[in-house]
Amino acid sequence: MISSRPFSAKPRTGELELTPIHYVDSVFYKRDDLYQPFGVGDVNGGKVRQAICLLYPLREELKTRYAGVVTHTQVHSTTGTIIAKVCKELGVPCTICIGGSSPGTINNHHMMRYAAALGADIRNVCGTGMHGPVLARMKEIAKQENLFDAVFTHNVISNERAIIESIEHQVANLPKHLDQLVVAVGSGAHFAAIARGLHRYKIHVDKMIGLCVGPKRTENINRWIDPMAGYPIPDYELHCLNTVYGKPLAESFGDGILLDDLYEAKAHRWMRENLDLNKSTCFWVVGRRLSESEVETKIGT
């Protein structure tokens, strides 16, 4: 059972500030993409908060007990780049494990170019990009080279405040009653943290809707929801969008506000096409992947 202790760790100023709620075209948007501790046009959102809350309190230990930090990622994803950014700020070496690539093809992916520019050691550790083999090899490297495992889902229990409570706290300023709360889902840890936050802050949601990018992800999400069975979490349903993870989709809301092209854009499109938006609806914007032009600007500076 994950405990419900109040979040109190303050690794950096601003990590506990609530990101705003915007009401656009009859939908509430939780704008966690506006968590931008490194400035506009840089890595942003809930994953950045988790990385900061995980690594900043360990900054001395990372330099004395460990030889650096290791994580794994897909070449399209923001995760490795976010860890690399925080490690650079801390002055800690960062290793990113990927699979199914090569020194030539890695450079085709702008998230990997930015991670490399931040000083990350990007290693192709196996012949496939599938999660299981890359993760297994990463664990071996972590042990062999004495590196801290910064994979968020591996730190849920030992670093609960960073991974769960930092996101749970962001629920506090949601409307007190919602018919629908829509969340794009990857591993499911964010989804679970939000569900627990609804209980903590006494926010009534008739139904949480998790939209999984890619097929056959529901078992992973239920893995994180199940430990919270002791909490009266709201009714929830999970839908697999059966989209190709690495294929971007352009989607925006309001006055051209861009959504993450791998996750939120696909979930937002599904919401617009499948839900009754006359009901009280909130769409949780976890964060946005940088565009290629934004990355080139960062690398250039």
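Residues numbered from 1 in each chain as written. Predicted model: local features only at pLDDT ≥ 70, side-chain atom pairs only at ≥ 80, totals over all residues. Heavy atoms only, no water.

A word on the overall build of the protein
The condition is simple: Each helix is a run of H or I in the DSSP string that is no shorter than four residues. Each strand is a run of E no shorter than two, and both are numbered from the N terminus. Note on classification: 1.4 Å probe, protein chains only; a residue is buried when its accessible area is under 20% of the maximum for its type, exposed when over 50%, partly exposed between these limits. Contacts: residue pairs with any heavy atoms within 4.5 Å of one another. Accessible areas in this description were obtained via Shrake-Rupley with a 1.4 Å probe; residue shielding takes into account the shown protein chains only.
Looking only at helices and strands, the protein has 11 helices and 12 strands in total. Per-residue burial for the protein yields a buried fraction of 53% across its 301 residues. Long-range pairs, those at least 24 residues apart, make up 74% of the contacts in the protein between residues at least 6 apart in sequence. Accessible surface for the protein amounts to roughly 12800 Å². Of this, 51% is attributable to carbon and sulfur atoms.

Examining the pattern of salt bridges
Charged atoms that come close allow side chains of opposite charge to pair. Convention followed: Take a side-chain nitrogen of Lys or Arg and a carboxyl oxygen of Asp or Glu: if they are within 4 Å of each other, that pair is a salt bridge.
Tallying each qualifying case throughout the model produces 20 salt bridges. The salt bridge partner of E165 is R196, with a shortest N-O separation of 3.7 Å. Remark: R196 occurs in helix 8 (residues 189-200) and E165 occurs in helix 7 (residues 160-168); sequence separation between them is 31 residues. Here the residues in one salt-bridge network are E160, E165, E168, R196 and R200, joined through shared partners.

A closer look at the packing of helix 1 (residues 46-55) against helix 7
To be explicit about the condition: Between N-to-C directions, angles cover 0 to 180 degrees, with each direction set by a line fitted to C-alpha atoms, over the stretch in contact for helices. Small angles under 35 degrees read as roughly parallel and large ones over 145 as roughly antiparallel, with 65 to 115 read as roughly perpendicular and the rest as oblique. In this scheme the crossing of two helices becomes right-handed for a clockwise turn of the near helix relative to the far one and left-handed for an anticlockwise turn of less than a right angle.
In the contact formed by helix 1 and helix 7, the axes pass within 8 Å of each other and the chain directions differ by 135°. The angle between helix 1 and helix 7 falls in the class oblique. Viewed along their axes, helix 1 and helix 7 form a crossing whose handedness is right-handed. Contact residues: helix 1 offers G46, R49, Q50, C53 and L54, while helix 7 offers A162, I163, S166 and I167.

Here's the deal with the nonpolar core
Grouped burial of nonpolar side chains is what soluble globular proteins tend to show. The following threshold applies: As used here, the term nonpolar core means buried Ala, Val, Leu, Ile, Met, Phe, Trp, Tyr and Cys residues forming a set that is joined through side-chain atoms within 4.5 Å.
Ranked by internal contacts, the top residues of the largest apolar core, which has 63 residues, are L55, L62, V69, I83, F148, L181 and M208. When sequence neighbours within four positions are dropped, the list of residues in contact with L62 reads L55, A67, G68, V69, L90, V92 and F148. With 21 residues, the next largest nonpolar core counts A184, I209, L241 and V285 among its residues.

Considerations on the packing of aromatic side chains
How we decide: Here a Phe, Tyr or Trp ring, Trp counted by its six-membered ring, pairs with any other such ring whose centre lies within 6.5 Å, and the pair is stacked when the planes are under 30 degrees apart, edge-to-face when over 60, and tilted otherwise. In our convention, an over-ring charge means Lys NZ or Arg CZ found within 6 Å of a ring centre and within 35 degrees of that ring's normal.
Under the criterion given, the structure shown has 6 aromatic pairs. Ring centres of Y66 and F148 lie 5.5 Å apart, and the angle between their planes is 70°; this geometry places the pair in the edge-to-face category. Residue Y66 is located in the loop between helix 2 (59-64) and strand 3 (69-72), and its partner F148 is located in strand 6 (residues 148-149); the two are separated by 82 residues in the primary sequence. Each member of the pair, Y66 as well as F148, is classed as buried. A cation sits over an aromatic face here: R49 above Y35, 4.6 Å from the ring centre. Here the guanidinium or amino end of K85 rests over the ring plane of F38, the centre of that ring lying 5.3 Å away.

Details of the pairing of strand 4 (residues 94-99)
Under the convention used in this document: Two strands pair under a simple rule: DSSP has to find at least two bridges between them. Seen with its strands pointing away from the viewer, a crossover is right-handed if its path from the first strand over the helix to the second goes clockwise.
In terms of burial, strand 4 is largely enclosed, as 6 of its 6 residues are buried. The alternating pattern of strand 4 places C94, I96 and I98 on one face and T95, C97 and G99 on the opposite face, and all of these are buried. As paired elements, strand 3 and strand 4 share 4 bridges and run parallel to each other. When the bridges of strand 4 are listed, T71 appears paired with I96. The handedness of the strand 3 to strand 4 crossover, carried by helix 3 (residues 79-90), is right-handed. Bridge count for strand 4 against strand 5 (residues 121-126) is 5 bridges, and the pairing is parallel. Bridge pairing in strand 5 links I98 to N124.

Side note on the sheet that holds strand 4
With respect to topology, 4 strands assemble into an open sheet ordered 5-4-3-6, the strand pairing being parallel. Where the open sheet ends on each side, the last strands, each with one partner, are strand 5 and strand 6.

Concerning the sheet that holds strand 9 (residues 236-240)
With mixed pairing, the 6 strands of this open sheet are ordered in space as 1-2-12-7-8-9. The strands lining the two open edges of the sheet, one partner per strand, are strand 1 (21-24) and strand 9. Each strand of the sheet is rotated relative to its neighbour by a mean of 25°, with strand direction disregarded. Here 4 bridges tie strand 7 (residues 177-185) to strand 12 (residues 281-285), and the two strands are oriented parallel to one another. Note that in strand 12 the partner of V183 across the bridge is W284.

Read these as layout, nothing more, since geometry by itself doesn't imply function.
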